Amino acid sequence: MASASSSTTPAAGSSRSNQDAELLPPIPKSNAILVIGMAGSGKSTLAGALSRHLEAEAAKRNPSAASSDPSASSSDASYLVNLDPAVSTLNYEPNVDIRDTVDYKRVMDEYNLGPNGGILTALNLFTTKFDQVMGILEGRSNEVDNIILDTPGQIEIFTWSASGTIITDSLASALPTCIAYVVDTPRTTAPATFMSNMLYACSIMYKTKLPFIIVFNKEDEQDAGFAREWMEDFEAFQEALNKGNATDQVDVGRGNPRARGAAGQEGEASYMNSLVNSMALLLEEFYNSIRAVSVSSLTGSGMPSFLSAVQEARQEYVDEYRPELEALRASRKQKQEERKKREVEKMMRDLRVKPSGKAAPKAATGARGGGGEVDDDDEEDPRITRMADRMRVPGYEGDGLIMEPDDDDVLLQTHGAAQTQAGQVPRRGGAQRGEGEDLASVGQRRREEQLARARLG
Ligand SMILES: Nc1nc2c(ncn2[C@@H]2O[C@H](COP(=O)(O)OP(=O)(O)OP(=O)(O)O)[C@@H](O)[C@H]2O)c(=O)[nH]1
């Protein structure tokens, strides 16, 4: 488990990213902190506590500005976005609030939905306007240090919905974004609950691929030492598990769970226990790559270590997430350009036009010696070859014909060429139909003309 420690804040806009400004905008000063967690874990309380902590820090850094204009430091310290349409009261004043845009109770009534369906639909409706929210956030992204986004209580509504994905991806493509996964520490002391929380965290991390911070909240009620130990030492977790039922709360006290033992019966070899055991093994890799902090959103303790973890996450975004995003964008752009080029080439071939715009009657070259400028390097279009074959007349060495891609005309020209073995290939017009004349009449007229000429000859 990576622990949060202070790290240098990368300068706004890494050189690497600036080079590729065409694909992605330069990295701004702000971090986006997406606060996610199970219902009641303390997401909103954390968002409020963090913003107050940031305000206080900003006031300390610049006391004169804070005293002359109390709103100045606070507005630059953080920017808050509430994405929970169903919350009734918040312990902070959001700058952008989903409730100002969608009334989730009306959504429930109008669409005949239950509470969760209402929240999901409200979020979906809001997401249709999220480009506007992104415009606002990007506008502030070089003014504020941290943009904090509080998500709906029902975690799956955000993490497994299309709107959650759109919001997360939009943020991550514009700002150094990290996930703050809030854990209700006092309610995670049973090995099974701990494990399911960690599995959820792991699935979100692998889904979003974003820098991830586990925030063990409510440390005023329950120290997170046991959780850290379970993450770092598999045997400690196994020992706690073997002391009782996986679903029993372990008496972790405020210290080492191993020393205190489990509250339940001795070593139950239940299916649940062995399942939790195997999952713990699977999660070892996840634990190794994760940073975890413990805080109390109620008292405000642990905020500096949380902010250090955010800075580490920013660095990870700059070093790992952003280059991948740039590579992805570059390859998508290249593919788009290649497709565009292929389409233009195909169109050129179909029109038999050189890129310079000159017409080239290549279709007539089946009769050799086409008069127009022909792009000889071009691959022959099989349809044109077939058409030219139909037009080819044995022994004819004449000029090319200018024709329209119309079967009637092709037939007429072929017919015209067939009767002029001597080389007087009728130019277009000679073979044309008169107005209102159908193909059969033209044939008839031609036969009559031929007969007349034969008689004269
Ligand atoms: N003791 C203690 N209680 C906390 C702490 N953080 C939050 N709470 C309490 O936990 C309860 C839920 O907090 P919220 O911030 O509403 O949690 P949430 O995750 O936003 O809730 P939903 O969005 O409704 O799921 C409230 O009663 C908070 O007072 C903390 O650090 N310590």
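Criteria and thresholds
- Residues numbered from 1 in each chain as written.
- Predicted model: local features only at pLDDT ≥ 70, side-chain atom pairs only at ≥ 80, totals over all residues.
- UniProt positions renumbered as here; feature names shortened; annotations may be inferred.
- Helix = DSSP H or I, 4+ residues; strand = E, 2+ residues; numbered from the N terminus.
- Buried ≥ 20, exposed ≤ 12 C-beta atoms within 10 Å, placed from the backbone.
- Contact = placed C-beta atoms within 7 Å.
- Core = buried A, V, L, I, M, F, W, Y, C linked by C-beta atoms within 7 Å.
- Axes fitted to C-alpha atoms, helices over the stretch in contact; angles between N-to-C directions.
- Parallel < 35°, antiparallel > 145°, perpendicular 65-115°, else oblique.
- Left-handed = near helix turned anticlockwise from the far one by under 90°.
- Nonpolar A, V, L, I, M, F, W, Y, C, P; charged D, E, K, R; others polar.
- Near = placed C-beta within 6 Å.
- Pairing = 2+ DSSP bridges.
- Right-handed = clockwise from strand over helix to strand, strands pointing away.
- Expected span 1.5 Å × (residues − 1).
- pLDDT = per-residue confidence, 0-100.

With an unreviewed UniProt entry as reference, the protein chain is termed GPN-loop GTPase 1, source organism Jaminaea rosea. UniProt's Sequence similarities (unreviewed entry) comment on the protein chain is quoted here verbatim: "Belongs to the GPN-loop GTPase family."

Turning to the overall build of the protein chain, a few remarks are in order. Summing up its helical and strand segments, the protein chain has 19 helices and eight strands in all. Within the span of the protein chain, comprising 457 residues, buried residues form 36% of the whole. Pairs at least 24 residues apart make up 69% of the contacts formed inside the protein chain by residues separated by at least 6 positions.

Ranked by size, the top nonpolar core spans 82 residues in total, and within it V35, C178, I179, A180, Y181, I213 and V215 carry the most contacts. Among the elements that take part in this core, helix α16 (residues 303-351) stands out by supplying eight residues, more than any other.

Interhelical geometry of helix α6 (residues 115-127) versus helix α9 (residues 162-174) gives an angle of 40° and a closest axis separation of 9 Å. In terms of axis orientation, α6 runs oblique to α9. The chirality of how α6 crosses α9 is left-handed. Counting all contacts with α6, which are made through L123, N124 and T127, the residues of α9 involved are S163, I166 and I167. Looking at side-chain class alone, the contact of α6 with α9 contains three nonpolar, three polar and no charged residues.

Running from amino to carboxyl end, helix α7 (residues 130-140) crosses α9 at an angle of 30°, the nearest separation of the two axes being 11 Å. Accordingly, the angle class assigned to the pair α7 and α9 is roughly parallel. Seen from above, α7 lies across α9 with right-handed handedness. Facing F130, M134 and E138 of α7, the residues of α9 in contact are I166, I167, S170 and A174. Broken down by class, the residue content of the contact of α7 with α9 amounts to five nonpolar, one polar and one charged.

Here we come to the site of the ligand. Surveying the vicinity of the ligand reveals 18 residues, the closest of which are G42, S44, T45, G153 and L298. Top contributing element to the shell around the ligand by residue count: helix α2 (residues 43-61), with three residues. Residues belonging to the shell around the ligand are distributed by class as follows: three nonpolar, 10 polar and five charged.

With respect to the secondary-structure elements, E221 resides in the loop between β7 (212-217) and α11 (225-232). Sequence separation between E221 and L298 is 77 residues, and the spatial gap between their C-alpha atoms is 9.9 Å.

Burial analysis of strand β6 (residues 177-184) places seven of its eight residues in the buried class, which makes it a mostly covered element. Where strand β2 (residues 31-37) meets β6, six bridges bridge the pair, whose relative direction is parallel. Following the sheet pairing, L34 is matched in β6 by I179. As judged from the six bridges shared by β6 and β7, these two strands associate in the parallel manner. Within β7, the residue paired with V183 across the bridge is F216. Handedness of the crossover joining β6 and β7 through helix α10 (residues 191-208): right-handed.

Turning to unusual backbone geometry, a few remarks are in order. The phi torsion at N112 lies on the positive side, around 55°, for a residue other than glycine. The residue N112 is located in the loop between α5 (104-111) and α6 in this model. Positioned with a positive phi, K209 is a non-glycine residue whose angle comes to about 60°. Mapping K209 onto the fold places it in the loop between α10 and β7.

Before going further, it helps to examine α6. Note on helix geometry: an α-helix contains 3.6 residues per turn, so any two residues three or four positions apart are oriented the same way. Taking 1.5 Å as the rise per residue, α6 with 13 residues should run 18 Å; its terminal C-alpha atoms sit 18 Å apart, in good agreement. Looking at the buried positions of α6, the neighbouring elements they touch are α5, α7, α8 (155-159) and α9.

The subject of this paragraph is the confidence of the model for the protein chain. For the protein chain, per-residue confidence averages 76 on the pLDDT scale, and residues scoring 70 or more make up 66% of the total. Counted against residues more than four places away or in other chains, residues 395-432, with its pLDDT under 50, gives 57 contacts. Both confidence scores are given for the complex: pTM 0.68, ipTM 0.98.

Quick look at the environment of A190 now. Looking at where A190 falls in the secondary structure, it is placed in the loop between β6 and α10. Given 23 C-beta atoms within a 10 Å radius, A190 is considered buried. Along the backbone, A190 and A240 are 50 residues apart, and their C-alpha atoms lie at a distance of 9.0 Å.

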